[in-house]
Amino acid sequence: MTKTLLRALAGETLDVPPIWMMRQAGRYLPEYRATRAEAGDFLSLCYNPELAAEVTLQPIRRYGFDAAILFADILLLPQALGADLWFVTGEGPRLSTVTTEADFARLGSGAMIHDTLHPIYETVRILRRELPEDVPLIGFAGAPWTVATYMIAGQGTKNQGPAHALKAENRALFEALIERLTETTIDYLSKQVEAGAEVVKIFDSWAGSLKGEDFDRFALEPCRRITQELKSRFPGLPVIGFPRQAGEKYVGFHAATGVDCVAVDDSVSPEWVAENVQPHGCVQGNLKNTHLVTGGQALVDETRRVVEALGKGPHIFNLGHGITPDADPENVQIMIDTVRGR
Ligand SMILES: Cc1c2[nH]c(c1CCC(=O)O)Cc1[nH]c(c(CCC(=O)O)c1C)Cc1[nH]c(c(CCC(=O)O)c1C)Cc1[nH]c(c(C)c1CCC(=O)O)C2
């Protein structure tokens, strides 16, 4: 098997870890900015299968990464459920909010999401044809909690206050929203897999603000249900979970959810991850993304440190969070060369 990503996900320890990068198709690349301009705006790019496939392929051509990730966004699912979604330049996403039973009643469910999301499945089909044979395609969705934080607040928030408030003030409505998102995420990811995604990743970017029992109920449990249902529909499908900033809660996440790989952010050290998380399965991460902005010897040293610390078990090299628009494309090449020992 030449797909090193799949070997690491199956638990193999490799001499050189497979490498890809969160947000590898993004604004730090001039070719991405050109294609995005051609599409008009970010959402038009997501819903244009030819151009979305093109930007997915750009970092594969430029750098030869060991995996491609579908170009889309975690907020397309709420849009498919009927929320209004738009992006404010320089600020980020905005959505119509869900804070009352009446708002919730207006949301769709089940099969209707595919009416909106079918171009995404077409992007996956194009990519399966056009990707090099040894480069697997990763499909993805947001985890229910993270997607709910955006739907409840109508935008990104520092501490997810509005979502925590709804959880406290109208528990039934909050739980109904998490349930709806869990079910439709299973439907959405299933269609991606049927179209050709070989791995799926569940992004729980705000998992770190769930503490104690809340973490178990609203981060672990939905991820466990999604993973279990996908694996029963698609036996052998590898799943990556990313409960960002989970800290101590990274320990045991493999076993509690059934994911094949736990992606870790850079708030934990690679040595700690090697000792506490990697014994339970494959891990992905966790170079601090700012090294791709600042570069220099620190970039090389910290890349080596991650490779060495996590080299004794199954590891997929990645960043701790997505690459930022101000990163230098040359630093990405330096990181890759360092990982591959060149
Ligand atoms: C929280 C979240 C979102 N989207 C995503 C998350 C979870 C991961 C994380 O924590 O970063 C996930 C995501 N978003 C995007 C991908 C595509 C695949 C990839 O290359 O990783 C993936 C996997 C494209 C994107 N999604 C977005 C961009 C930038 C759009 C542009 O202006 O071109 C890209 C390439 C926009 C986006 N989308 C979202 C925000 C908050 C923003 C604005 C911030 C920003 O502008 O960087 C929601």
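Residues numbered from 1 in each chain as written. Predicted model: local features only at pLDDT ≥ 70, side-chain atom pairs only at ≥ 80, totals over all residues. Heavy atoms only, no water.

Provide a residue-level description of the side chain of Lys3, including the pertinent values.
Residue placement: Lys3 occurs in the segment before helix 1 (4-9). For Lys3, a relative accessible area of 15% translates into the label buried. Setting aside chain neighbours within four positions, we find Lys3 in contact with Glu133, Asp134, Val135, Pro136 and Glu198. (Helix = DSSP H or I, 4+ residues; strand = E, 2+ residues; numbered from the N terminus. Buried < 20%, exposed > 50% of the residue type's maximum accessible area, 1.4 Å probe, protein only. Contact = heavy atoms within 4.5 Å.)

Got a sec to walk through helix 4 (residues 49-63)? Specific residues and values, please.
Compared with an ideal rise of 1.5 Å per residue, which puts 15 residues at 21 Å, helix 4 spans 22 Å between its outermost C-alpha atoms and is within 8% of the ideal. Its maximal kink placed at Leu57, helix 4 deviates by approximately 30 degrees, while the proline Pro59 follows within four residues. In terms of burial, helix 4 is a largely internal element, 11 of the 15 residues being buried. Residues of helix 4 that are buried include every one of Pro49, Leu51, Ala52, Ala53, Val55, Thr56, Leu57, Gln58, Pro59, Ile60 and Tyr63, and no others. On its buried side, helix 4 packs onto helix 2 (30-39), helix 3 (42-46), strand 1 (68-69), helix 7 (113-130) and helix 16 (329-339). Following helix 4 by one or two positions, Gly64 has its phi on the positive side, about 65 degrees. (Expected span 1.5 Å × (residues − 1). Bend = angle between axes of the 7 residues up to and from the residue.)

With reference to specific residues and values, describe the site of the ligand.
By nearness alone, 22 residues border the ligand, and Arg27, Tyr32, Arg36, Asp73 and Ser205 come closest of all. Contact distances for the ligand include 2.5 Å between an oxygen atom and a side-chain N or O atom of Tyr32. Taking 860 Å² as the accessible area of the ligand by itself, protein coverage stands at 87%. A per-class count over the shell around the ligand returns 15 nonpolar, 3 polar and 4 charged. (Near = heavy atom within 4 Å. Polar contact = N/O pair within 3.5 Å; in protein donor to acceptor, adjacent residues only side chain to side chain. Areas by Shrake-Rupley, 256 points an atom, 1.4 Å probe, with all protein chains shown as cover. Nonpolar A, V, L, I, M, F, W, Y, C, P; charged D, E, K, R; others polar.)

Run through the state of the cysteines, naming residues and quoting values.
Within the structure shown, the criterion is met by 0 disulfides. Sulfur of Cys282: no disulfide; nearest cysteine sulfur belongs to Cys261 and is 3.7 Å away. Among the residues examined, Cys282 registers a relative accessible area of 1% and is labelled buried. (Disulfide = S-S within 2.5 Å.)

So, the pattern of salt bridges: which residues are in play, and what are the values?
Under the defined criterion, the tally for this structure stands at 20 salt bridges. In this structure, Asp260 engages Lys231 in a salt bridge whose closest nitrogen and oxygen atoms are separated by 2.8 Å. Taken together, the positions of Asp260 in the loop between helix 12 (253-257) and strand 7 (261-263) and Lys231 in helix 11 (residues 212-233) put the pair 29 residues apart, joining distant regions of the chain. Judged by relative accessible area, Asp260 falls into the partly exposed class, the value being 23%. Taken together, the shared-partner salt bridges connect Lys3, Arg128 and Glu198 into one network. (Salt bridge = Lys/Arg side-chain N within 4 Å of Asp/Glu carboxyl O.)

Go over the nonpolar core, please, and point to the residues and values.
Counting residues in each nonpolar core, the largest one holds 123 residues, and the members touching the most others are Val332 and Met335. For this core, the element with the most residues is helix 10 (residues 171-195), which contributes 10 residues. Not counting residues up to four positions away in its chain, the partners in contact with Met335 are Ile19, Met21, Leu287, Leu292, Leu299, Thr303, Phe317 and Leu319. (Core = buried A, V, L, I, M, F, W, Y, C linked by side-chain atoms within 4.5 Å.)

Which residues make up the pairing of strand 3 (residues 92-95), and what values go with them?
As paired elements, strand 2 (residues 85-88) and strand 3 share 4 bridges and run antiparallel to each other. Looking at strand 3, one finds that Phe87 is bridged to Pro93. Turn length for the strand 2-strand 3 hairpin, with the two strands adjacent in sequence and antiparallel, is 3 residues, and the turn residue Gly90 shows positive phi of about 80 degrees. (Pairing = 2+ DSSP bridges.)

Quick one: what's the story with the UniProt feature "binding site: substrate" (unreviewed entry) in the chain, residue by residue and with numbers?
Annotation from UniProt places "binding site: substrate" (unreviewed entry) at Arg23, Gln24, Ala25, Gly26, Arg27, Asp73, Tyr150, Ser205 and His321. Across 299 residues of sequence, these annotated residues are also dispersed in space, with a maximum C-alpha separation of 22.8 Å. Tracing the backbone shows Arg27 in the loop between helix 1 and helix 2. By relative accessible area, which is 43% here, Arg27 ends up partly exposed. Residues within four places of Arg27 in sequence aside, it is in contact with Tyr32, Arg33 and Pro325. Within the fold, Asp73 resides in the loop between strand 1 and helix 5 (76-80). When near neighbours in sequence (up to four residues on either side) are disregarded, Asp73 contacts Phe42, Cys46, Phe87 and Phe140. Separated by 3.0 Å, the side chain of Asp73 and the backbone nitrogen of Leu75 make a polar contact. (UniProt positions renumbered as here; feature names shortened; annotations may be inferred.)

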